[in-house]
Amino acid sequence: MSSKLRLNYTYYNCPDIFQQIVEWYLGFDPNGDLFDYTVIDDGSHSRPLKAHHVPEHWNILRINIDYGWNNEGARNCLMKFTDNDWNLLLDCDWVVDEKNLKKLAHAADVEMLDEGVVYMPANYGPKTMRNSFLVHKDEFKKRGGYDQNFIGYHGVDYSFLRFGLVYDHTGWFEFNRIVDDVVPPAEKERAEEIERFHKHMDNLARLGLGHRNKEDKQDFVWKDEETKMELWQDIEYEIIR
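Thresholds, definitions, all that
- All residue numbers here refer to positions counted from 1 along the written sequence of the relevant chain.
- Residues qualify for local features only when their pLDDT is at least 70, as the model is predicted, and side-chain atom pairs are given and counted only at 80 or more; totals for whole chains, interfaces and linings, by contrast, use all residues.
- Hydrogens and waters are ignored; side-chain quantities use all the structure's heavy atoms.
- Think of it this way: any DSSP run of H or I at least four residues long counts as a helix, any run of E at least two long counts as a strand, and we number them from the N terminus.
- Accessibility here uses a 1.4 Å probe with only protein chains present; expressed as a share of the type maximum, an area under 20% marks a residue as buried, one over 50% as exposed, and anything in between as partly exposed.
- N or O atoms closer than or at 3.5 Å make up a polar contact, with two conditions inside protein: a donor-capable atom paired with an acceptor-capable one, and, for residues adjacent in sequence, both atoms drawn from side chains.
- Here, two residues are considered to be in contact whenever any of their heavy atoms come within 4.5 Å of each other.
- Expected helix span is computed as 1.5 Å times (number of residues minus one).
- By definition, the arc is the one covered by directions from the helix axis to the C-beta atoms.
- Within this analysis, patches are made of residues with over 30% relative accessible area and no salt bridge. Like charges are joined at 9 Å or less; nonpolar side chains (Val, Leu, Ile, Met, Phe, Trp, Tyr) at 5 Å or less.
- Here the open area of atoms and residues is found with the Shrake-Rupley method and a 1.4 Å probe, where only the protein chains shown may cover a residue.
- In what follows, salt bridge is the name for a side-chain nitrogen of Lys or Arg lying within 4 Å of a carboxyl oxygen of Asp or Glu.
- Asp and Glu count as negative and Lys and Arg as positive, but His and the ends of the chain are not part of the count.
- Lysine's charge is taken at NZ, arginine's at CZ, aspartate's at CG and glutamate's at CD.

**What about the side chain of S132?**
Move 1: As for its placement among the helices and strands, S132 is situated in the loop between strand 6 (118-119) and strand 7 (133-136).
Move 2: On the accessibility criterion, S132 (1% relative accessible area) is buried.
Move 3: From its side chain, S132 meets the backbone nitrogen of D91 in a polar contact 3.0 Å long.
Move 4: Residue contacts for S132: discarding those within four places in its chain leaves R75, L89, L90, D91, W94, M120, P121, Y124 and F175.

Structure, rendered in structure tokens:
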């Protein structure tokens with residue numbers, strides 16, 4: 001294997017679930033010889049990620065401010081940090097087994113993959129978008145990553161998983177689900193959080209700053225790049241190791 005695939009995880013107050021993730025990969029890649037790994041703690045304060053609970057061959061990043069809903073902003077940090085061409089961005093309810101990781105790494109090594117395509121696993125079904133996938137670092141940057149004007153809002157994944165861009169849904173690889181949901185549904189208040197996000201986008205539209213995408217109402221289209229960048233919220237992170 002001439003190059004390594006990087007697995008990127010965001011962490012937020014979930015030590016038990018993260019230990020399951022660590023143990024999963026230690027089962028077939030105990031020294032990080034096959035793949036690269038990074039985890040970023042997205043501002044956890046009640047149960048922060050402890051370095052001694054993370055294998056030495058994992059990179060650890062940390063955002064010291066708890067922004068609330070910021071999984072997507074944390075992923076932008078992961079993609080700034082990576083030096084691997086191909087990256088799996090994974091929520092903590094998903095892991096990938098050795099067979100599928102080797103399949104993905106082989107496809108990257110023999111240049112079977114198209115750098116302009118975001119690859120979805122078979123688990124989601126045809127043409128279904130979910131927020132765990134395989135992406136080339138240059139394509140992530142080209143698409144602009146996730147929109148950091150919406151830090152603290154739930155539903156920002158569609159600022160990257162945008163309507164009309166190129167995806168592969170052929171299902172030639174799979175993920176493994178280890179928990180039904182990282183955050184219990186009662187704690188998420190998902191409907192209320194999504195409504196708050198929609199109201200915020202509608203308010204931005206009334207101010208003349210852009211509009212909600214007609215094909216995908218979860219995505220906001222800015223009037224122009226200058227307006228978007230004027231309101232962009234920076235996120236600082238530190239490298240623990």
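**A closer look at helix 1 (residues 15-26)**
Move 1: In a regular helix each residue adds 1.5 Å, so 12 residues correspond to 16 Å; helix 1 covers 16 Å between its end C-alpha atoms and thus fits that length.
Move 2: Of the positions making up helix 1, those classed as buried are I17, F18, I21, V22 and Y25. Here the buried residues of helix 1 occupy an arc of 145° about the axis, which is enough to place them on one side. Facing away from the buried side of helix 1 by over 90 degrees, the exposed positions are D16 and E23.

**As for a negative patch on the surface**
Move 1: Residues E111, D114, E115 and D138 make up a contiguous surface patch of negative charge.
Move 2: For E115, a relative accessible area of 44% gives the class partly exposed.

**Overview of helix 3 (residues 98-109)**
Move 1: With 12 residues, helix 3 extends 16 Å from end C-alpha to end C-alpha; this agrees with the ideal 16 Å at 1.5 Å per step.
Move 2: The inward-facing, buried residues of helix 3 abut strand 1 (6-11), helix 1, strand 4 (86-90) and strand 7.
Move 3: Phi turns positive, to about 60°, at E111, one or two residues after helix 3.

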